[in-house]
Amino acid sequence: MGRMRVDILFYAYEPGLGAEMGGVGKHLGRARGFQRAGHTVRVFAPRFLDLREPQVEVVTYPTLSAPLLRPLSAYLMMVWAAWRRVRRAPPDLVYARTSRTVLPGLLARWSGARFVFEVNGDAFGEQGWRGGILRALTILSAERINCRLAHRIVAITPGLEAMVKRRYRVSPGKVCLISSGTDLELIRPLDPRACRQALGLAVEGVVVVFLGVLYHHQGVQTLLAAAPEILRQRPDTRLLIVGDGPARGTLEAQAEALGLRASVAFVGRVPYARVPLYLGAADCCVAPFTARRGETSPLKLFDYLAAGRPVVASAIPAIADLIKVPGAIVPVPPEDPHLL
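One structure accompanies this document, and this report is about it.

Quick notes on the rules
- Residues numbered from 1 in each chain as written.
- Predicted model: local features only at pLDDT ≥ 70, side-chain atom pairs only at ≥ 80, totals over all residues.
- Heavy atoms only, no water.
- Helix = DSSP H or I, 4+ residues; strand = E, 2+ residues; numbered from the N terminus.
- Contact = heavy atoms within 4.5 Å.
- Pairing = 2+ DSSP bridges.
- Axes fitted to C-alpha atoms, helices over the stretch in contact; angles between N-to-C directions.
- Buried < 20%, exposed > 50% of the residue type's maximum accessible area, 1.4 Å probe, protein only.
- Arc of directions from axis to C-beta.
- Salt bridge = Lys/Arg side-chain N within 4 Å of Asp/Glu carboxyl O.
- Parallel < 35°, antiparallel > 145°, perpendicular 65-115°, else oblique.
- Left-handed = near helix turned anticlockwise from the far one by under 90°.
- Core = buried A, V, L, I, M, F, W, Y, C linked by side-chain atoms within 4.5 Å.
- Phe/Tyr/Trp six-rings, centres within 6.5 Å; stacked < 30°, edge-to-face > 60°.
- Lys NZ or Arg CZ within 6 Å of the ring centre and 35° of its normal.

### Considering the environment of Phe 44
For Phe 44, the location among the structural elements is in strand E2 (residues 40-46). Through-space distance from the C-alpha of Phe 44 to that of Gly 128 is 30 Å; in sequence the pair is 84 residues apart. Setting aside anything within four residues of it in sequence, one finds Phe 44 in contact with Asp 7, Ile 8, Leu 9, Phe 10, Val 59, Tyr 61, Ala 81, Ala 82 and Arg 85.

Written as structure tokens, this is what we have:
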């Protein structure tokens, strides 16, 4: 393969997102991989993420702060920023993830670039028609058009691969399965005592860690509901919620109402380089997804497992293959605080 110019378009608008979490880090990792392979990479990302990536060119775009205008402004400004640079230096390949817009694919076609479309979730499968007819039709139409525009579709789970072929009637040769993973050079088993000392935590006692963006579907509300029973059995337990996101305020209010101030710490966003310390300090890591989490490939599970930590996770279809691996994950029914 010759040297390519690759444009990676990352759409985001939700308050509380940071450069270290979830799909943001995955996009940066992908960009670094392209760069190491000898290609020239540009990442287009919202300005509020404050990405600092010395190895890759990052082009930022602004978003409006008003709640209703924020998503629309992110769509339009992302493509505007890319279009301005595409005119001067057309890419050979445009890479974008699932979102309710067809603009990246149209931009790729207009510039003569190959378009690679990553299907990293099933928004319609999660919401169905419950979110309203207009919302559902928007999701279905955008994904159908993106699948038509794409030269290659990347599905991150077998379930998403099957969904794309079935729902959008995509030919099998157009879809490839590339599962998620983690950075094994960074995340590896560490000494728990040393990690706790580095973080200023008590060396003794039980530490339970959740890592991720704080959305409702992550199920942290179930973990908080389980906390009083956990503390009755092990009063020396400390719950660390590592990450930020739209649901943080609601979750903090829930913790306060349950009297968990002394036992639960909302750590907030942390640099990705420090994530191994929090995972290494844990006796157990949790992924208490809601039942409607939908088909996806949760990055946190790969981080947990790479750190060598015991994992308790909701038994949802999206992680069925991981649950089958002996000794990897203890599954529990979703949204059941007692069993969690």
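Structure shown, so let's carry the discussion forward.
### Topic: the sheet that holds strand E11 (residues 284-287)
Strand pairing in a sheet relies on backbone hydrogen bonds. The paired strands run either parallel or antiparallel. Reading across from one edge, E10-E9-E8-E11-E12-E13 is the order of the six strands in this open sheet, with parallel pairing throughout. Across the chains shown, the open sheet's two edge strands, defined by having one partner strand only, are strand E10 (264-268) and strand E13 (330-332). Averaged over all pairs of adjacent strands, the angle between strand axes in this sheet comes to 25°, irrespective of strand direction. Strands strand E8 (206-211), strand E9 (237-242), E10 and E11 of the sheet are contacted by helix H8 (residues 220-233), whose axis makes an angle of about 170° with E9.

### Things to note about helix H6 (residues 158-167)
Considered for burial, the residues of H6 that qualify are Leu 160, Glu 161, Met 163 and Val 164. When H6 is viewed along its axis, its buried side chains cluster within an angular range of 165° and face the same direction. Turning to H6, the residues buried within the fold contact strand E5 (114-119), helix H5 (133-149), strand E6 (152-155) and strand E7 (175-177). After H6 finishes, the residue Arg 169 shows a positive phi value of roughly 55°.

### Describing the sheet that holds E5
Read across the sheet, seven strands follow the order E3-E2-E1-E4-E5-E6-E7 without closing on themselves; strand pairing throughout is parallel. Of all the strands in the sheet, the pair left with one neighbour each is strand E3 (57-61) and E7. If you compare each strand with its neighbour and ignore which way they point, the axes differ by 20° on average. Note: E6 against E7, three bridges, orientation parallel. Counted as the bridge partner of Ile 153 is Val 175 from E7. On top of the sheet, H5 reaches E5 and E6; it is set at about 140° to E5, its chief contact. Along the sheet, H6 contacts E5, E6 and E7; its crossing angle with E7, the most-contacted strand, is approximately 170°.

### Some remarks on the pattern of salt bridges
Going through the model one piece at a time under the given rule, you end up with eleven salt bridges. In this structure, Arg 193 engages Glu 204 in a salt bridge whose closest nitrogen and oxygen atoms are separated by 3.9 Å. Placement of the pair is Arg 193 in helix H7 (residues 192-199) and Glu 204 in the loop between H7 and E8, with a sequence separation of eleven residues. One network of salt bridges, with partners in common, ties together Arg 30, Arg 97 and Glu 118.

### Observations concerning the packing of helix H2 (residues 69-88) against helix H3 (residues 103-111)
Two elements in contact, H2 and H3, have axes separated by 10 Å at closest approach and are oriented at 15°. Between H2 and H3, the angle falls in the class roughly parallel. The hand of the H2/H3 crossing is right-handed. Contacts from Tyr 75, Leu 76, Met 78, Val 79, Ala 82, Trp 83, Val 86 and Arg 87 of H2 reach H3 at Leu 103, Pro 104, Leu 107, Trp 110 and Ser 111.

### Here we look at the environment of Val 286
As for its position among the elements, Val 286 is in strand E11. Looking at Val 286, the relative accessible area reads 4%, which means it is buried. A C-alpha to C-alpha distance of 21 Å links Val 286 and Gly 121, two positions 165 residues apart in sequence. Residue contacts for Val 286: discarding those within four places in its chain leaves Val 208, Val 209, Phe 210, Leu 223, Lys 300, Tyr 304 and Val 312.

### With respect to the nonpolar core
Ranked by internal contacts, the top residues of the largest apolar core, which has 54 residues, are Leu 279, Leu 301 and Tyr 304. In terms of residue count, E8 provides more of this core than any other element does, six residues in total. Not counting residues up to four positions away in its chain, the partners in contact with Leu 301 are Ala 287, Phe 289, Val 311, Ala 313, Ile 319, Leu 322 and Ile 329. Formed by 36 residues, the second largest nonpolar core is a distinct cluster that contains Tyr 11, Val 79, Val 94 and Val 175.

### Focus: unusual backbone geometry
With a phi close to 55°, Arg 169 is a non-glycine residue in the positive phi region. Mapped onto the elements, Arg 169 comes out in the loop between H6 and E7. With phi around 60°, Glu 335 is a residue other than glycine that occupies positive phi space.

### Describing the packing of aromatic side chains
Applying the stated rule across the entire model yields four aromatic pairs. When the centroid spacing of 6.2 Å and the interplanar angle of 50° are considered together, the rings of Trp 83 and Trp 110 count as tilted. Remark: Trp 110 occurs in helix H3 and Trp 83 occurs in helix H2; sequence separation between them is 27 residues. Grouping aromatic residues by their ring pairs yields a cluster made of Trp 80, Trp 83 and Trp 110. The ring of Trp 83 has Arg 87 sitting right over it, with the charged end atom 4.2 Å from the ring centre.

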